[in-house]
Amino acid sequence: MIAQEFLDTNITYLPGVGPKRAELLNKELTIFTFRDLLYYFPYKYIDRTRFYKIEELDPDLPYVQIKGYIKGYVTEGHGKGKRLAADFQDDTGTIKLVWFKGTKWVAGNYPPGIEYIVFGKPSVFNGIVNIIHPEIEASSKMSERISSALQAQYSTTEKLKDQFLTSKSISKLTGNLLKQLKIRIPESLPAWLVSQYKLMDLHDSLHKIHFPADPEELEKARYRLKFEELFYIQLNLLRFKANRNIKHKGFVFSNVGNNFNSFYYNNLPFRLTEAQKRVMKEIRRDLGSGRQMNRLLQGDVGSGKTLVALMSMLIAIDNGFQACIMAPTEILANQHYQTITKLLKGIDIKICLLTGSSKRKSRNSIAEALMDRSLNILIGTHALIEDNVKFSNLGLVIIDEQHRFGVEQRARLWQKNLHPPHVLVMTATPIPRTLAMTLYGDLDVSVIDELPPGRMPVKTMHFTDTDRNKVFGFVRNQIKEGRQAYFVYPLIKESESMDYKDLEDGWDTISKVFRPPEYCISIVHGRMTPAEKDKSMQLFKDGHAHILVATTVIEVGVDIPNATVMVIESAERFGLSQLHQLRGRVGRGADQSYCILMSSDKMSKEAIKRVEVMVRTNDGFEIAETDLQLRGPGDIEGTQQSGIPFDLKIANLGKDGQIIEYVRHVAEKILEKDPLLNESQNVVLRLELSRIFSQRQSWSNIS
Ligand code: ADP
Ligand code: MG
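Calculation criteria
- Residues numbered from 1 in each chain as written.
- Chains lettered and ligands numbered in written order.
- Predicted model: local features only at pLDDT ≥ 70, side-chain atom pairs only at ≥ 80, totals over all residues.
- Heavy atoms only, no water.
- Helix = DSSP H or I, 4+ residues; strand = E, 2+ residues; numbered from the N terminus.
- Expected span 1.5 Å × (residues − 1).
- Buried < 20%, exposed > 50% of the residue type's maximum accessible area, 1.4 Å probe, protein only.
- Arc of directions from axis to C-beta.
- Phe/Tyr/Trp six-rings, centres within 6.5 Å; stacked < 30°, edge-to-face > 60°.
- Lys NZ or Arg CZ within 6 Å of the ring centre and 35° of its normal.
- Pairing = 2+ DSSP bridges.
- Salt bridge = Lys/Arg side-chain N within 4 Å of Asp/Glu carboxyl O.
- Axes fitted to C-alpha atoms, helices over the stretch in contact; angles between N-to-C directions.
- Parallel < 35°, antiparallel > 145°, perpendicular 65-115°, else oblique.
- Contact = heavy atoms within 4.5 Å.
- Nonpolar A, V, L, I, M, F, W, Y, C, P; charged D, E, K, R; others polar.
- Near = heavy atom within 4 Å.
- Polar contact = N/O pair within 3.5 Å; in protein donor to acceptor, adjacent residues only side chain to side chain.
- Areas by Shrake-Rupley, 256 points an atom, 1.4 Å probe, with all protein chains shown as cover.

A. Fine view of helix H18 (residues 468-480). In this model H18 runs 18 Å from its N-terminal to its C-terminal C-alpha over 13 residues, within 8% of the 18 Å that 1.5 Å per residue would give. Buried within H18 we find Val471, Phe472, Val475, Gln478 and Ile479. One side of H18 holds all its buried residues, which, seen down the axis, span an arc of 120 degrees. In H18, the exposed positions that point more than 90 degrees away from the buried face belong to Asn469, Lys470 and Lys480. Just downstream of H18 lies Gly482, where phi reads positive at about 95 degrees.

B. Layout of the packing of aromatic side chains. A complete count under the given rule lists 23 aromatic pairs for this structure. Taking the centre distance of 5.2 Å and the plane angle of 70 degrees together, the rings of Phe231 and Tyr232 count as edge-to-face. The pair formed by Phe231 and Tyr232 is uniform in burial state, with each residue classed as buried. Seen from the ring of Phe51, Lys67 lies directly overhead, with NZ or CZ sitting 4.7 Å from the centre. Taking the ring centre of Phe514 as reference, the NZ or CZ of Arg476 above it sits at 5.5 Å.

C. Quick peek at the pairing of strand E18 (residues 484-488). Counting buried positions along E18 yields 5 of 5 residues, so the element is predominantly enclosed. Side chains of E18 alternate between two faces, with Gln484, Tyr486 and Val488 and Ala485 and Phe487 buried alike. For E18 and strand E21 (residues 563-568), the ladder comprises 5 bridges, and the chain directions are parallel. If you follow Phe487 over to E21, its bridge partner there is Val567. With 4 bridges connecting them, E18 and strand E20 (residues 547-550) associate as parallel partners. Following the sheet pairing, Phe487 is matched in E20 by Val549.

D. Quick peek at the pattern of salt bridges. For the structure on display, the rule yields 28 salt bridges. In this structure, Lys161 and Glu158 form a salt bridge, with 3.8 Å as the shortest nitrogen-oxygen distance. Pair noted here: Lys161 and Glu158 are both in helix H6 (residues 158-162), with a separation of 3 residues, about one helical turn. On the basis of relative accessibility, which here comes to 39%, the residue Lys161 falls in the partly exposed class.

E. Seen up close, the packing of helix H10 (residues 215-247) against helix H25 (residues 683-693). Running from N to C, H10 and H25 cross one another at 95 degrees; their axes reach a closest spacing of 10 Å. Between H10 and H25, the crossing angle belongs to the class labelled roughly perpendicular. Across the interface between the two elements, Glu228, Phe231, Tyr232, Ile233, Leu235, Asn236 and Arg239 of H10 pack against Val684, Leu685, Arg686, Glu688, Leu689, Ile692 and Phe693 of H25. Grouping the amino acids of the contact of H10 with H25 by side-chain chemistry returns 9 nonpolar, 1 polar and 4 charged.

F. Representation of the site of ligand 1 in the model. Within the structure, ligand 1 sits among 17 residues, and Arg271, Gly302, Lys305, Thr306 and Arg455 are positioned closest to it. Here an oxygen atom of ligand 1 sits 2.6 Å away from a polar atom, N or O, in the side chain of Arg455. Residue Arg588 places a side-chain N or O atom 3.3 Å away from an oxygen atom belonging to ligand 1. Relative to its unbound accessible surface of 560 Å², ligand 1 loses 83% to contact with the protein. At 3 residues, helix H13 (residues 305-318) tops the list of elements feeding residues into the shell around ligand 1.

G. Structural detail: the sheet that holds E21. Ordered by their spatial adjacency, 6 strands build an open sheet running E17-E22-E21-E18-E20-E19, and the pairing between neighbours is parallel. At either margin of the open sheet sits one strand with a lone partner, and together these are strand E17 (459-464) and strand E19 (521-524). Ignoring which end each strand starts from, the neighbouring axes of this sheet average 20 degrees apart. As judged from the 6 bridges shared by E17 and strand E22 (residues 594-599), these two strands associate in the parallel manner. Residue pairing for E22: Met461 is matched across the bridge by Ile596. Contacts from helix H21 (residues 576-583) reach E17, E18, E21 and E22 within the one sheet, and its direction differs from that of E21 by about 155 degrees.

Okay, structure coming up:
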């Protein structure tokens, strides 16, 4: 425990820190203790065995190291631009070294005539290569300094640098700390696990990650630390899942009764796809098992999740329970209400719709019907989780398009009943498998990986503004053939006024090109009241409007099979998952559909990649993978609310998929043998879990 106490020491007490720097480290890097500093890992390493020649330097190079002589100093510029410059020369050429701060000290400490090693990032100013604020050192001191060829680089902030807390000084502090450490850092993984999986031990890993002797050693240290970080996340998720099953008995839905059967045999308008059948089996198994279901249903847009939701609800009703669906928007809730009402025609089931715009009177009658159990299915928006909505026997909760709901909202639905209802979470945003293992690691996952038959894949094309007339001509032809088209404009919260202008301009153009009375255009955007939105949608749904001009409010779930063209304006401003969602609004009927991505001629590299992948494939999982590679997991929708600590110190959920899969397997095996982690060899696991997750346990009370 002495080692633990040492690690928990306040960072102020580390020689070279003191109160002022400590405060900065707290604020800027959330480093409070010795342990925090040790776990502040480098973000990259620079090979300091390699020397560049001055003639090789160009501004595209990362940090470089050169050897040579300072010819002399001059002061250049005035006021804020005032700087100290030195010509630095080797046998191949000359560059300029530049300092804006600490100039006196530099000029005093690095006199000309001595051979120096200069280290920094080359840039270009006035056509001359220079290095601003280089690190500089007499080359005679070199052997003394280099304890390792790979020099760790730490991220710092401007405020830190102002207090001379550069990457180099952080490295120095870490070095001091390791030198002070008189005992070995105790293992945070069970000894048997370290040896069985041939991991570097913690003590060595924490040394080598900061001061690796060679790339191989570094890799071993990194692997060990990533392994541990990801392993504890998986162990926590899996243990929580297991505990939940022990704590909460699920309602047993043993019957498949009249409602289900009469729907299946009389009302079902088509045959289920094999994938829908398989998923129904998985759900039925859960519902009959006596365990509370917590299942994630992933299925690309248009794969037929609504039907699965409906059939699951019928099973609940057949067993005497109520069910509800929560959707993220009124449009979508409304659509579910209409679809489900139609599908259940002739079957004696009471369905109600509850949204923010429901009137007092209908709210009251819903409340009554919920209590006297005459209401079977309640469909709605966030309005469902308000406190005054009370069910008498809620057996199944379905959450559609889950990425729009935060964890807390899910939790509140959970608490709508004395005993937790079964929960089915449906998402159309495909999530890469390994990311799902972390984001939804405590849920069981079902996948609908097949579209209903007869669907033709949507053709995706990219045009720039210069081809606008071609695009309009194309849309005109489609309308001539009786089809309908969407024009979608971006909406980004921060600049709502600007986006609204985009929409207005677009509307102007489009209504000039597609003039009434020949054409009818409908519009939907976020500033309309739900009733207005509804009216516009209905106009398009009924086929009266040929074109729907909209912002991304239509992104999710809207189902209008006759619409075959999706024109996405300023496509470069949309994220990949959004583009994919929008594309999913077409291709829902039997006709060939098209997605047209409009962009300006100038696009960022990333935007080009996004457009390319959209044109190349319709596979939601491939798109999700690309999204993950381009943006990293922190930005993927849903990750923010997931309750997983995403301030991972070393692992990367996007890149370390293989390790995630591996450690999940390791964690599963451990829990299989020792579910409560009671065995003495596993005690350290329990201790570590509570140390890591103690502040976060409240999150995990959530499906
Ligand atoms: P999503 O998974 O995106 O929610 P929906 O449930 O809205 O998809 O279904 C998309 C469309 O496919 C709907 O019009 C629905 O009626 C239809 N559909 C669903 N299942 C089948 C099936 N097995 N065969 C034919 N069409 C189906
Ligand atoms: Mg849907």
